[in-house]
Structure formats: C-alpha cells, structure tokens
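# Commentary on secondary and tertiary structure
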Amino acid sequence: MTQQSIRFTVNDTPAEVSVDPLRRLADVLREDLGLTGTKIGCNAGDCGACTVLVDGRQSCACLVPIGQAAGHAIVTVEGLVAKGQLSQLQQAFQDHGAAQCGICTPGMLMAASDLLAQTPSPSEQDVLDALGGVLCRCTGYRKIVDAVLSLGKTTAAPVSRNAVVGARLPKVDGLAKMTGAERYGADSWPADSLVLRAIRSPHHHARFGFGDFAALFAAHPGLVKILTAADIPGQNVFGIYPTGKDQPVFAEGYARFRGEAICALVGDAATIAAIRDDEVPVEWETLSPLQGVEAALSPHAAQLHETAKGNVLIEGRLARGDVDAAITKADIRLSDNFQTSFVEHAYIEPEAGYARRVGDRLEIFATTQTPYMDRDEVALIMGLRQEQIRIIPSAVGGGFGGKLDLSLQPMIGVAAWLLNRPVRCTYSRPESMASTTKRHPASIAITVAATKEGRLSAVRFHGDYNTGAYASWGPTVANRVPVHAMGPYHVPAVYCTTRAIYTNDTPAGAFRGFGVPQAAIALETMLDDLAEKLDLCPFEFRYLNALDKGSVTASGQRLDASVGLRACLDALRPQWERLRLEAADFNETSRHLRRGVGVGCGWYGIGNTSLPNPSIMRIGLKRDGCITLYSGALDIGQGSNTIMMQICADALGVPLSIIDLVTGDTDLTPDAGKTSASRQTFVSGAALRLAADDLRGQILRLANVGEPGRFALDGRTLRVSDGVTDQVIDLARLPAAGENGDVLVGEGRFDPPTTPLDADGQGIPYATYSFSAQLALVEVDIELGTTKVLRIAAAADVGKAINPTQVEGQLHGGVAQGLGLALMEEYIPGRTENLHDYLIPTIGDVPPIDTYIIEDEEPLGPFGAKGIGEPALVPTAPAILNAIRHATGARVTRVPATPDRLRAALRATGRYEAAK
Amino acid sequence: MKPSLYFRPTNLQEALTALSANSWSVLAGGTDFYPARLGKPLEENVLDVSAIDGQEKISFNDGRWRLSLQATWSDLIADNRLPARFDGLKRAAREVGGVQIQNRATICGNLCNASPAADGIPNLLALDAQVELMSLQGRRTLPIADFVKGNRRTFRREDELVTALLVPDSGRPARSVFLKLGARKYLVISIVMVGAVLELAEDSRIVSARIAVGACSPVAQRLPLLEEGLIGRRLETALADMVHERHLAPLAPIDDVRGTADYRRDAVITLLQRSLTELAR
Ligand SMILES: Cc1cc2nc3c(=O)[nH]c(=O)nc-3n(C[C@@H](O)[C@@H](O)[C@H](O)COP(=O)(O)OP(=O)(O)OC[C@H]3O[C@@H](n4cnc5c(N)ncnc54)[C@H](O)[C@@H]3O)c2cc1C
Ligand code: FES
Ligand code: FES
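Residues numbered from 1 in each chain as written. Chains lettered and ligands numbered in written order. Predicted model: local features only at pLDDT ≥ 70, side-chain atom pairs only at ≥ 80, totals over all residues.

Let us now look at the overall build of chain B. Counting its secondary structure elements, chain B contains ten helices and 14 strands. In terms of overall dimensions, chain B is globule-like: its C-alpha atoms have a radius of gyration of 19 Å, near the 19 Å expected for 281 residues. Each principal axis of the C-alpha atoms in chain B carries an extent, and together these give about 60 × 45 × 30 Å. Burial analysis of chain B (281 residues in total) assigns 53% to the buried set. (Helix = DSSP H or I, 4+ residues; strand = E, 2+ residues; numbered from the N terminus. Rg over C-alpha atoms; globule rule 2.2 N^0.38 Å. Buried ≥ 20, exposed ≤ 12 C-beta atoms within 10 Å, placed from the backbone.)

Rendered as structure tokens:
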C-alpha cells in the first residue's frame, strides 16, 4: 500500500503522519505517535479498550482507518489530563476503585467523557448504555458505574488518604492507570526491536513437516529468521511442575492441539504483518482428535503422552469414614451428573512483551503473574543459569490464572538471544484464546446423603477434569478439588476422587478457583435437592451443616480459628428472607417472567495444597530516611501493591509518603512466589510483617533500645525512644548494608504451615481457609430461557479487610466471572476464539451487588487477613443456578445455562409447553 | 505482496469511475471490514466511500425517506423527523454493538455485509425499503429481498455502489417494532430477531403488514402467511394468538454456538407473539 500524508489533531495538537491510509487509528496512535494509553484488546471492535473520541464521539480506534481521521479531532486518554491534574472523571475512577488492572480504564474513561459531554447528569441507564461497548474483566463494572454517576452529585467517594490497615486507601499505583501512562506488555519496546509472530497448528491433532523456507525468505527480504524447535538452545519443554514437564515451546513434528506453536517468524514489523500463515511451507497430516474426556478415555483412544496410560495425567483422592455405609444408612440419598465447559480468562490484555540480550544475560519484559517461575523455566529452555535471566514484569492487564504459564517468553527470549536484537511480540486475540490455558471442563458424578433432620451424612464425588493437550496446572486441580468438593460443611463420610485427563483440546490450567468452582456447582445444586426433599429451607440447611470453629474438615484438619461461614450467612439472612418473599409476590401476578432466589456457599484453602509456598519480603531504610519496600508480590490488578504498602506503613508506623515501592523485578526483589491461589495478602503480607518486625528490631538495636521502643523518621534524622530517653541518629553517617544503598535491611520469610496429605488425603493441606456465601435474585423468561440476574448479595470472611474497597472490588469481579460461568461462557476450541462468539458479561449483565465483609481474624495472617481473590467467585454460579431452580423448578446440570439449554431444561420439567 | 490502492473520493462520480475501472473492496464505517480481515495482510484495493459528499444523510422527498450511504446508526437514532414506522429500525440501531460501533457503522454497510444476523435487515424488509445502486451505467433500485443473495452475498455488481436505502412512506399511521434475542445485554449477535411494520387505517384496522425474521435463515425472511392473516384485523392484543408454526415455513434455522435450530424455532414464535402484543399496545 502506498503511503499518504494524513493530518489531524490529537488532543488538540496537530499531527501529521505518512503511512498506509488503511492503518488502524489505534496502531498509528500507539506505534507512530507513541500514545500507548489507547489499548488494543481485540482489534475487532469487541472489547472497546481502544475507544477514543473522534470529533467528540466515542469510536473504536481499531476500526478507524487513519485515512478517515484526516481533518478530524481525536482525543485519547492522554488528553484528559489538564495542566497536570486528573480530570474530575479520572479522579472519580481513582477514588471509587473503578480500575483494577486498568487495561479497560482508558476506554471506559473515553466512553464516559462522551456521555458526560452530552448528558452531564446521566441516569444509571444512560451510563450502562454509553459504556456498554467496553468490556472489563476485573471490576464487575459496579464501581465504574458509581464513579461515573458520582460526577453529577456532591457525595464524595468514601476515600481515606490514611495508609493504615483497614483504610480505603485508593490504589497507590492508580494514577498511571488513569492517565494512560501505565506500561502493559505491549506498551514498551526498544526502538530497534524486531517483531515475532508464531505460526500455529490449525488442526486439533496432526503430524507435520516443514518444506523449504528458502522461497519464503526470498519473497520477504525483511524476514530475518524462522525459529523452530531446532533453535531452542536448552530443553524444548516447559510445565508448572519440576517433574513431568510436557509442553514444547515449538511442537516437534506433532501438534496436540489447535493453536499449538510450530514455528515463529521474526523480522521487521511490516514484513511480519505481510506474510500470510499459508505462505509458510508446512505439510500436515491430520489425525483424528480426542476432544473431550469421553473420547480420551475410550479404550481405543490414542495415547497422547508416553507417560500417561489411558490419557490419565494424574489422580487425586480423599477418603474419610465409610462412605458406602454412610450412604446406605442415611435417610435420603441423591445422585446426579454435572458438566461444565472450558472457560476463557478473557483478560483484556493479550500476552505481550519484548526480550533483549544484555551481554551474557537475557532480559524479558512481559505480562506475567509469576516472574520467578518464568525466570527458572526460561533458564532451562535457554540452557542458561537462572542468574542470567532477568524478568521485568510489565503492568498486567488481567491474569486470573491465565498468565501463570509461559506464553511468548521463551519464543522472544530465544529469538533475542540468537539474533542479538531486541524482539517483541503481541498475541492477537484469537491467538491468545486458542493457545493459552482455560478453566478445566469437569464431568462430575456426585452422591449426597443426609439424615431426615437435615444433617449431611456423606458425599461421594468423582470429577474428570479435561486438562487438554498439556499438563499445565492439571495436577493442582486434581489435588485441590478432593479437599474442597464436599464444600464448607461438616460431612462425616466423604470419598472424593478426581482425574486430570489429556485430550486434544486447548490446555486447561489455572483459573480463579483451580477446579473448585466446578465442584461447587455440583455440590450446591445437590444440597438444594436435599433441602427440597427434606422440606427444609435451603438456607438454614446450609447453616446447620456449616463448618464452624472447632470443626474437623474432611481432610482431618481441626479449624481452631477464623471460620466465618456462619457469620457470612447471618449477614445474608435478612436479605434472604425478604427477597424470597418478594420473589413469591412477583410470581403471583407475572406471566412469562419468574423470579427466584438462590444461595451458594464456598470455601477456599489459601496457597498451595500441602506444598511449600514461601514468600520473602524485604524493607530497606536509606540514608535520607526513606523506606524502600522490595515486593516480589506481583500486582495483577487485584491490588497487592496497595495492600503491601498499607501493611508496610502500619507495621513500621511510618507515613506512606516516605515509602518507595520496588516491585516484581527478579533482579531487584526477593521471591514472593506467584500471584495465585489467593495467597499474596496472606503469605506475602505475613512475610512483610516479619520483615517490618526485623527492620524495627534492627532500628531499636542500633540505639540500644529494648521493646517497647518507638522510632520516628524525620529526613535523615532517626529518633528512637524507649519512653524515657530519646536518641537521635544521623542516618547519613551509617554505612550502606544492602546493594541498593540501604543502611538497614529487614527481611521476612513466611511459609504457611501445612503437612503432606496421606494416601487418603488426610493432613493439613492449607494453613487457613476463606469462606464465602452469596445470594442471587434472578428473573427467568420462561418462554425464551433467558436469565437476568437482578441482584447479588455477597458475604466473605476475609479475616481482616486490609482495604475494604479492594475486597469489594474482588467480590464484584468474582461475581461477574461467576455469572459468566453460570450463564454464558463456553470456549469451544476452533469455534469461539474471539470476543463476539465467546461472551463475557458486559456492563448491562452485572446487577447491583451488596457486599458484606466478615472479619474473623486469622492469627497467622498479617493483621488477621486471609485471601479473597478466588473465594469471591466460588458461590456465584451455584447461587444463580439455585435461583433459577427456585424461580422455575428447572434444574441445570450443564453450564453455561445458555438460553437454549435453559429452555430445554424448562421444558423437561413438564411445567412449560413449547411455544405455539 | 501485490501493490494495492486506497482511494477516498469526495464525489460520487469519481467513485463510480474508479469502480468501473478496477476491482475494489468498498469501505464505509469499517466495522465489518476490519474484523473480517483480522490477522490477514491487506492485499486489496480499497475504495473508502466515507468522504463522498453532496448528499444529506437522511432526507425526505416525494413520499420517500432516503438513508444515504453515509447514514450511521447514530444518525438514525438522533433523527427526530422520522415517523413511527422507523421506531423498529431505531430500536435495532440501539442494539447494534455499542455506541462506539453505532457512531461509525452505516446502515448501508450492515445491509451490504449481508450477515444472516444483521440486525438492520428485518426492519428494512418490514419497511419495504429499496436499495439504490449507482454505476456509470446508471441507477437501479432493488427491493431488499432481491438484493441479498445469501450469507454474505448480494446482487451488487462489482462496478456498483449502494448509494442509499429508500423507504416509502404512505403517510398512513404506522406502528413498528424490533425484538432481539441475545445471550447478553450489550454487544451481542442475535440468536433470533423480529422486525415488523403495520400500517393502519383510521379505524385502526391493519391495511398492510410486513413481518420479518432474522438469524433463522441465510437471509432474513418475511412471513407472508402471517402477514396476510393480519390484514383487515383490528389492532388488539389478541393478535398474538394468531401466530402459528406453519407461518414459519420460509425459515430454515440451524444449530450454531448461539443456539440450536429447535430452540430458534421455539423462540421465534414467542418473539412474534410478543411483537404483535407490543404493536397492539
Ligand atoms: C463489536 C461489533 C458489534 C456489532 N454488533 C452488531 C449487531 O449487534 N448487529 C448487527 O447487525 N451488526 C453488528 N455489527 C456489525 C455492524 O457494525 C455492521 O454490519 C455495520 O452496520 C456495517 O457498516 P460499516 O459502515 O461499518 O460497513 P463496512 O465494514 O465499512 O462495510 C461492510 C461491508 O459492506 C460493504 N459496503 C459498505 N458500504 C457499501 C456501499 N455503500 N456500497 C457497497 N458496498 C458497501 C463493504 O464492502 C463491506 O463488505 C457489529 C460490529 C462490531 C465490530
Ligand atoms: S481493540 Fe478495539 S475494540 Fe478491542
Ligand atoms: S480493570 Fe477493567 S479489565 Fe481490568
């Protein structure tokens, strides 16, 4: 395409570019003008992350050819800041906690600016309509709605500028997310970077061989290298667990899933974009694919991995009591089967980053949830020592478990190393969806039994989890689920088994809850069945059986503290009673709409299951009296930076203003493990408390002051007092202790106390558990099978809310994802690889959410805190499904309950006729 | 790579001359154009029609409304002159993508893209709209049903441009509706949709009825049997009871990720009944 000179204005400044006029406005803004505040989540109009104003009207910058911008006025997020001040709208977003990862924030802000320019005091419906085209995967939208609505009003957000634990401190790293300055994986790259694009298997299962690449090189002089498995300097394999790594960086002649990388093109950006996939000479021999566990378990199925007989990767098991006897003896027993689907993380930021070689070291800047594991894995693939790898995590535009596995890191790493040039890569949306992990689909068989008084007597559970083509986190799921499958209830006899099964589907890995949400759907539906049969209130039935202080879990662990499930239910009870009555009233007069209220409960063990799971945190004191917090606890939007700053400030008794945060760079921060399993607040937070105690102790010792001593920092002057005498120390005169110029360095390490589980799954799998319970009020259109969630009430025992705004944010986000799991999300390899066929909830789908924070303090946790990331999601889908059943009598045993499935389930009840 | 051209004419004559000389892909609001080319290099000549001027986007002349090739969904929503027969199309407009799509996507583009799930087409059928096509050979008009050939195919010749949609307006009182069934609130591809326009006599008897269903066949279809049955009836809620399975004969729903064929057949009856109920309200 010939280049043309095109003039327009950006943020009131004239701009002129000489480019292909069909180049997308989003690309021109980002690549040619350096305005990376405009994000690209899909390049197809589906996510709205690229929303900018064109002549004042919101538009997707990914769908506007730059040729059409000629003569027009473009405003991007960078244009919202005036005279170095956040606009009122940006400030409202910051104060309300309307941004978590922040990748959707620019789009949301632009859509809202358009609305507010036309309608200064919008109604809630106006806000929903105006923001309906921007997806957010983190926040559940409610705080965004509140932020926009607050503009027409005088009531301020309940913000605290105080850093103490329990305060509603706005995100310490929030500013950059408001202005577009935040650097996500695709927002930063060295100027001379080459671009890499992977070529992937279009087949679910196939053998392949390459033809001669010479013609391709000849046709495209800008093509520098085609990387294949042969170029991997170290091992062409990776995987989460130290043994049993099974996933190649590049497949070697044999592709086990559609989307698996077989080679990668490296060259200048224009060349790489110009090469069609089908120009790469590959000979394919397709094989019949094993899709779904049933196919993979059939006796005639091909074996996909040498080590996995019958395609069974791993089995999990927990046994307590004599389950057969208990089931036989019980007054009532019920069984059923359940089926869940692949669920895509759908973070709005696709995988992106760059790598460069620095002498004999390799640096990788990329979006990730786990810099330390990335470092160790990349070292193996590169054949380098761990110290030779530096992982610099970018800001992360959503993770939810999907960025725990390696994606592009090894490809760009190898390319940059071999070519000695920086190499960047950004996954397209279909590529991200086809190649990265999913939530495991589960096929569950469950039997529950109870006494007629309503005491649970037994649960027997078997779950086959489809782990796809590679193991990824399959073992974690197989081990975690048996511990949780009987729910947060006292059940005397339990037999839970799980298997992770290899198939030719997309690898399933970690996704908020590691298999537990799937199990909860089955169990909580069966509990409603029991309650119905026993003529008990489903709510009180759960209350009666709920774990409590002193309860012994199915793995034989006595819970001595911090068991707040009953407190959660107590908080919800008034709503339960009121909403059930209101629903009944509504149904009296309604024809095709029926309302119902359901309840679900969940629990979640924090951190790894019975495996070591330590975090190390470090705090330095500099000569100028400033504190540096070295935190490897990566903030992926959930807010751990803010949490750690609050804990640090409070534990040391110093103001936030003197603390600098250095985070998640494997060269600069100690290993704080991965951001998963709801562990950062609990594990890294506890390590941080210990680090603060260590530093405090050193300060007191410096002055020879014993406890209870106090200190205060005033620039370089340190005052230490034992209550009687004051000592003044000039920090500038102390020798440096750490490598970063710190004079004192406090360090803390915390590994949650657990024990290995025996063959029956007995032991202490987790040091602590978070508990949650939720209510859903739904309205079902019985003629169409559509479900509208009208209200969610969510209670969670988090031990202690270090920052209540952030706990609410996690609850909202978890609810939105749980709603998607229940009603609309279904990833089908090869068929729903984009954000218009794969549906996640929009701003119009998430109802108002009432939150109840329960604080039953955990003695091991920092200030009593546990975790919230995953427990937020577990009860949502069960509550919604139970509400549908209450409304209509239809039991849903397969999720998502899409309109066609629900309509079929409604008809199966015999109560509803076909339309005629 | 083949050298390709980009041309953004400012008048119609230039555009038509270019079309007669070369093979072009037409680009309007780009909202179907770009998604269809995701991950593929652009190797075609592109004629961008967004700068052609000289026409009002929405105008009324000689008993006909004219929606020009520039008219976007937002233009339609904002136009307060349009009579009630456009209410259904306006409702469809509000449900096309999000506002950032509505602001740029054109109504003509929706028709030319000819997706079975195009939300604009049922109401264009119900409005009895004609497609105006121009080329150096001259001008011709086609009814919507004769313009759309199949799934993403039309009878537009390579040298033609769709320049407008023409909607006759008898001036009679009319009512119209659009109902869309999707699996989420915003940004959703229809599982089924229904568009309808009824024209009424003074005594509120139905003098003409056009009802079309989308996403249940490769091209949205009108339901002549149902329409005929309505003529002469008085507008009242009982009309909903008229809907019968046999009216669905022109439809051929399929199973896809959004729903099964059975479900569609079932849901369309409900949507038709509700459409009639709404029209009578
Ligand atoms: C996120 C998203 C959500 C969407 N949601 C919906 C929805 O809910 N319902 C729905 O119906 N649609 C939806 N669409 C599609 C809708 O935006 C388009 O159908 C739009 O109306 C097409 O108009 P356009 O101007 O953008 O066309 P373009 O993309 O520019 O062109 C579309 C096609 O029509 C041809 N064309 C355009 N104008 C002419 C002309 N004057 N003469 C000849 N050929 C022409 C082009 O060559 C091309 O093939 C959605 C799109 C996106 C990206
Ligand atoms: S990047 Fe433009 S809408 Fe997703
Ligand atoms: S904050 Fe909206 S996507 Fe992360």
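So, next bit.
In this assembly, 51 residues from chain A lie in contact with 42 residues from chain B. Sorting the residues of the side of chain A that touches chain B by element identifies strand S4 (57-60), helix H4 (124-131), helix H8 (269-274) and helix H22 (899-908) of chain A as the ones contributing at least two each. Residue classes in the side of chain A that touches chain B are distributed as 23 nonpolar, 16 polar and twelve charged. (Contact = placed C-beta atoms within 7 Å. Nonpolar A, V, L, I, M, F, W, Y, C, P; charged D, E, K, R; others polar.)

It is worth spelling out unusual backbone geometry at this point. Residue and element names in this part refer to chain A. At the junction of Val895 and Pro896, the peptide bond is cis and its omega measures out at 0° in the coordinates. Tracing the backbone through its elements, the reader meets Pro896 in the loop between helix H21 (876-888) and H22. Of note, the phi angle at Asn420 is positive, near 55°, even though the residue is not glycine. Looking at where Asn420 falls in the secondary structure, it is placed in the loop between helix H12 (409-419) and strand S18 (423-426). For Asn420, a count of 8 C-beta atoms within 10 Å translates into the label exposed.

Take the environment of Leu272 of chain B next. Residues and elements named next belong to chain B. Relative to the helices and strands, Leu272 is located in helix H10 (residues 261-280). The exposure class assigned to Leu272 is buried, which follows from the 25 C-beta atoms found within 10 Å. Between the C-alpha atoms of Leu272 and Val213, which are 59 residues apart in sequence, the distance is 8.7 Å. If near-sequence neighbours (up to four positions away) are discounted, Leu272 is found in contact with Val194 and Val243.

Another aspect to go through is the domain arrangement of chain B. Residue and element names in this part refer to chain B. Domain assignment breaks chain B into domain 1 (53-168) and domain 2 (174-280). Taken over C-alpha atoms, the centre of domain 1 sits 20 Å from the centre of domain 2. In this complex, domain 1 contributes 26 residues to the contact, which on the side of domain 2 involves 26 residues. Looking at the side of domain 1 that touches domain 2, the elements with two or more residues in it are helix H4 (87-94), helix H7 (120-126) and strand S8 (148-150). Looking at side-chain class alone, the side of domain 1 that touches domain 2 contains 14 nonpolar, six polar and six charged residues. (Domains from an automatic or database assignment.)

Next up on the list: the sheet that holds strand S11 (residues 282-286) of chain A. Residues and elements named next belong to chain A. Read across the open sheet, the three strands follow the order S9-S7-S11; overall the sheet is antiparallel. Every interior strand has two partners, whereas the edge strands, strand S9 (254-255) and S11, have only one. Relative to S11, strand S7 (residues 206-210) is paired through five bridges, and the arrangement is antiparallel. Counterpart to Arg207 in the pairing with S11 is Glu285. (Pairing = 2+ DSSP bridges.)

Around ligand 1, a shell composed of 32 residues is seen, among which Gly45 of chain A together with Gly29, Gly97, Gly109 and Asn110 of chain B lie nearest. More than one chain approaches ligand 1, the contributing ones being chains A and B. Here the residues of the shell around ligand 1 are counted per class, giving 16 nonpolar, eleven polar and five charged. (Near = placed C-beta within 6 Å.)

Below, the discussion takes up helix H1 (residues 12-21) of chain B. What sets the pattern is the α-helix's 3.6 residues per turn: residues three or four places apart point alike. Residue and element names in this part refer to chain B. Burial in H1 covers these residues: Ala15, Leu16 and Leu19. In a view along the axis of H1, the buried residues occupy a sector of 95°, so they form one face of it. Facing away from the buried side of H1, by more than 90 degrees, are the exposed residues Gln13 and Ala21. Contact partners of the buried residues in H1: strand S3 (46-48), strand S6 (130-135) and strand S10 (161-168). (Arc of directions from axis to C-beta.)

What follows deals with the packing of helix H15 (residues 516-534) of chain A against helix H16 (residues 538-545) of chain A. All names here are of chain A. Orientation of H15 relative to H16, taken along the N-to-C sense of each, is 110°, at an axis distance of 9 Å. On the basis of the axis angle, H15 is roughly perpendicular to H16. Between H15 and H16, the residues in contact are Leu527, Asp528, Leu530 and Ala531 and Pro538, Phe541 and Arg542, respectively. Of the residues belonging to the contact of H15 with H16, the class tally is five nonpolar, no polar and two charged. (Axes fitted to C-alpha atoms, helices over the stretch in contact; angles between N-to-C directions. Parallel < 35°, antiparallel > 145°, perpendicular 65-115°, else oblique.)

Residue and element names in this part refer to chain A. Interaxial distance between helix H11 (residues 371-382) and H12 falls to 10 Å at its minimum, and their mutual angle equals 50°. Classified by the interaxial angle, the pair formed by H11 and H12 is oblique. Judged by the sense of rotation from one axis to the other, the crossing of H11 with H12 is right-handed. Of H12, the residues touching H11 (which contributes Asp374, Val378, Ile381 and Met382) are Gln409, Pro410, Gly413, Val414 and Trp417. (Left-handed = near helix turned anticlockwise from the far one by under 90°.)

A word on the pairing of strand S24 (residues 615-622) of chain A. Residues and elements named next belong to chain A. Of all eight residues that make up S24, eight are buried, and the element is covered over most of its length. Of the two faces of S24, the one lined by Ser615, Met617, Ile619 and Leu621 and the one lined by Ile616, Arg618, Gly620 and Lys622 are each fully buried. The sheet contact formed by S24 and strand S30 (residues 742-750) spans eight bridges and is antiparallel. Following the sheet pairing, Met617 is matched in S30 by Gly748. As paired strands, S24 and strand S25 (residues 627-631) are joined by four bridges and run antiparallel to one another. Paired with Leu621 across the strands is Ile627, a residue of S25. Counting the residues that bridge the hairpin from S24 to S25 gives four residues, and of these Gly625 lies at a positive phi of roughly 85°.

Below, the discussion takes up the pairing of strand S17 (residues 389-393) of chain A. Residue and element names in this part refer to chain A. Residues of S17 alternate between two faces, with Ile389, Ile391 and Pro393 buried on one and Arg390 and Ile392 left unburied on the opposite face. Here strand S16 (residues 361-366) pairs with S17 via five bridges, running parallel. Note that in S17 the partner of Phe365 across the bridge is Ile392. Handedness of the β-α-β unit built from S16, H11 and S17 comes out right-handed. (Right-handed = clockwise from strand over helix to strand, strands pointing away.)

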